[in-house]
Amino acid sequence: MARSSLLLCYFSGSGSGSGSFRSIFFFIPTTLALTTSLFILFYISTTSNLFTHYHPPDPSFLGLNSPFGSSTFSPLTRQTVSISFRNHSKTPFVHLGEGGFGSQRPLEPRFPPDGHGNYVNYNEVYHDRDIFVEDYKEMNRSFKIYVYPHRRNDPFANVLLPVGSEPGGNYASESYFKKALMSSHFITKDPTKADLFFLPFSIASMRHDPRIDVGGIQDFIKDYILNISQKYPYWNRTGGADHFYVACHSVGRSAMDKANEVKFNAIQVVCSSTYFHPGYIAHKDACLPQVWPRHGVLPNLSSSNRKKLAFFAGKINSPVREKLLQVWRNDAEIFAHSGRLKTPYADELLGSKFCLHVKGYEVNTARIADSLYYGCVPVIIADYYDLPFADILNWKSFSINVATLDIPLLKKILKRFSFEEYLTLQRNALKVRKHFQWHLSSVDYDAFYMAMYELWLRRSSVRLHLNAFVHSN
C-alpha cells in the first residue's frame, strides 16, 4: 500500500519533476503517432503509381525473345500470380488474372512470375497449350453430364427446358450454353455415369415469368432443390457439390440466398464473377463470358483505321465510370462517351486501338467480347473480376488491366506500349477471339466448349468432396 501511494505521489505530484513527466507522457504518444504516419506514407509511396515512376522490367529476365525491336519494353501491368487449385492436370496452370487476385500492383522484376523460377512467355495466349490440348481431347472423350429430366408439358417448361428460339440480348450466354449442352455428346441419360449434374433452371426466364418474377426466384430455387433431393439420391450424397447451374444476369447473385447449399457447395457458372462478392467462391465457381450474339462473316480488320487511342461508351451507372468520364470526357485521344452515340458502335471499335471494359453495376459486361470481335485490345478497368477462362488463357498476352485508382494515369499507361508491342497484343487478341463466340451448333474451342472445359477441370475437386462427404457420414 505504501509503495502504491508512493508511486501515485511520484506521478501526480507538483513541481518541476511533475512537469517533466507530463512532458514525457505527452511526447511519447506524439512520437508514436508521427512514426505511424511516416510508415503509412512510406508504404503508400512504395506501392502506388501516384507517387513513383514505374520502371519497366528487363524483357531478357522475363525470358522473352522480344519481337519488338526496341530497347524499351512496356509491361502488361497490374498482374498478380496465383497457382490454381482448380486444374487437375499434370502441371498447375499459373493464373495471371486481371483484376482479381488481391493486389493489382506490378510485380518487381526480381520475383519470377510463377513463384517457382519458371519464366512466363507473354507472347503465348495459353498458360500451357500442350496440356490444354491434351486435356481438351480427354474431356471430349469422357466427360458426362446428367440433366434432371422435365416434360415439355411441365407448367414451368419455359424455365427448365432450353429456349426454342435463337438466344438474343445482353444475357444470351446463359441460353446459348443450355441449348448447346442439351444437344451435345456430353449428355448422358444414365446418372451413374455422370461426372456432374446440371440444374436446368433459367434465371433469365424466371425474371420474365409473371408467376415467379424477380421476387420469387429465391423461393423457386429453394423448392426446386428440395424436390430433386427428395426424388433423386444424387444431391444428398454430396450436398450438391457435383451439381452446377448457369446464370448471366446479375440477379443470379442473390438467387441462391434461400438455398445456401447451392451457393456454397454447387458450382456456379456465372457472368458476374467477382471476388468481392461473398456468394462467389473462387476455385469452386467459374466465369461465363458475357457475349452479345453476332453471326455471319467476321469484320474485315485489314481496312480498319484505328486513329483513336481508346474508346468507351455506356451508361454511367457506377463510381468507376463516373471517374472515367470525369477525367477523360473531353480528351482528344481517349474517347469516353455516355448516352447515345452519333456513329455506329462497330465503327468506334474498329477505329480504336484499345477498347475499355469499365465496371458498371457489375464487373462484367459484353465489352470484352465486343473488343475481341472487332480486333480491339481490351483494357479492363474492373477490380476483383475473375476473368473468363482464366485457368486456360494468359490474359496478360492479349489485354491490359488498369486498377480503378489509376484511371487518371490511363493515357500514360497505354502510351508506354510501342507500336510493335501493340501489334503483338492485337495479334494475340485475334487468336483468342474464337473462345468468346457462341454458335447455334457449337464449334470446337468456342465459348461453349471452353465453359465445358472449366467444368471438366472441377470434376476431380468434386470427387475429393464426395470422398470427404462419404467418410464423414
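Owing to the predicted nature of the structure, the values given are computational and were not obtained by experimental measurement.

A. Region of interest: the pattern of salt bridges. Under the definition given, this model contains 15 salt bridges. Measuring nitrogen to oxygen at the nearest pair gives 3.2 Å for the salt bridge that ties Glu-333 to Lys-411. Note that Glu-333 is positioned in the loop between helix H10 (319–328) and strand S9 (334–337) and Lys-411 in helix H13 (residues 410–415), a separation of 78 residues in sequence. Judged by relative accessible area, Lys-411 falls into the buried class, the value being 19%. Here Arg-458 and Glu-454 are joined by a salt bridge, their closest N and O atoms 3.1 Å apart. Both residues of the pair, Arg-458 and Glu-454, belong to the buried class. Connected via shared salt-bridge partners are Asp-331, Glu-333, Lys-411 and Lys-415.

B. Local environment of the packing of helix H5 (residues 172–182) against helix H15 (residues 447–457). H15 packs onto H5 with a crossing angle of 80° between their chain directions and a minimal axis gap of 10 Å. Judged by the angle between their axes, H5 and H15 are roughly perpendicular. Residue-level inspection shows Phe-177, Ala-180 and Leu-181 of H5 in contact with H15, the latter providing Phe-448, Ala-451, Met-452 and Leu-455. Taken together, the residues of the contact of H5 with H15 sort by class into seven nonpolar, no polar and no charged.

C. Spotlight on helix H14 (residues 419–432). Taking 1.5 Å as the rise per residue, H14 with 14 residues should run 20 Å; its terminal C-alpha atoms sit 20 Å apart, in good agreement. Looking at H14, one finds that the buried residues are Glu-421, Tyr-422, Thr-424, Leu-425, Gln-426, Asn-428, Ala-429 and Val-432. Elements that come into contact with the buried residues of H14 comprise strand S10 (352–358), helix H12 (367–373), strand S11 (377–381) and strand S12 (400–401).

D. View of the packing of aromatic side chains. In this structure the tally under the stated criterion is 35 aromatic pairs. Measuring from ring centre to ring centre gives 5.0 Å for Phe-132 and Tyr-453, while their planes differ by 85°; the resulting arrangement is edge-to-face. Of the two residues, Phe-132 sits in helix H3 (residues 129–142) while Tyr-453 sits in helix H15, which places them 321 residues apart along the sequence. By the burial criterion, Phe-132 is buried, and Tyr-453 matches it. Sitting over the face of the ring of Tyr-373, Arg-294 holds its NZ or CZ atom 5.4 Å from the ring centroid. We note Lys-434 situated over the ring of Tyr-445; from NZ or CZ to the ring centre the distance is 5.5 Å.

E. The arrangement of H5 in detail. In terms of burial, H5 is a largely internal element, nine of the 11 residues being buried. If you check which residues of H5 are buried, you get Ala-172, Ser-173, Glu-174, Ser-175, Tyr-176, Phe-177, Lys-178, Ala-180 and Leu-181. Where H5 is buried, its residues contact strand S3 (145–147), helix H4 (157–160), strand S4 (196–198), helix H6 (203–208), strand S5 (243–247) and H15.

F. Inspection of the state of the cysteines at higher detail. Summed over all chains, the structure comprises two disulfides. Residue Cys-248 pairs covalently with Cys-271 via a disulfide, S to S 2.1 Å. The sign of the S-S torsion, about -95°, decides the handedness of the disulfide formed by Cys-248 and Cys-271: left-handed. Here Cys-248 is found in the loop between S5 and helix H9 (260–264), whereas its partner Cys-271 is found in the loop between strand S6 (267–270) and strand S7 (286–287), with 23 residues between them in sequence. The exposure classification of Cys-248 matches that of Cys-271, with both residues buried. Linked covalently through their sulfurs, Cys-355 and Cys-376 form a disulfide whose S-S length is 2.1 Å. With the S-S bond torsion at 105°, the cross-link from Cys-355 to Cys-376 turns out right-handed. One end of the pair, Cys-355, is in strand S10; the other, Cys-376, is in the loop between H12 and S11, with 21 residues separating them in the sequence. Disulfides within the protein chain link the bonded cysteines, taken in sequence order, as 1-2, 3-4.

Calculation notes
Residues numbered from 1 in each chain as written. Predicted model: local features only at pLDDT ≥ 70, side-chain atom pairs only at ≥ 80, totals over all residues. Heavy atoms only, no water. Salt bridge = Lys/Arg side-chain N within 4 Å of Asp/Glu carboxyl O. Helix = DSSP H or I, 4+ residues; strand = E, 2+ residues; numbered from the N terminus. Buried < 20%, exposed > 50% of the residue type's maximum accessible area, 1.4 Å probe, protein only. Axes fitted to C-alpha atoms, helices over the stretch in contact; angles between N-to-C directions. Parallel < 35°, antiparallel > 145°, perpendicular 65-115°, else oblique. Contact = heavy atoms within 4.5 Å. Nonpolar A, V, L, I, M, F, W, Y, C, P; charged D, E, K, R; others polar. Expected span 1.5 Å × (residues − 1). Phe/Tyr/Trp six-rings, centres within 6.5 Å; stacked < 30°, edge-to-face > 60°. Lys NZ or Arg CZ within 6 Å of the ring centre and 35° of its normal. Disulfide = S-S within 2.5 Å.

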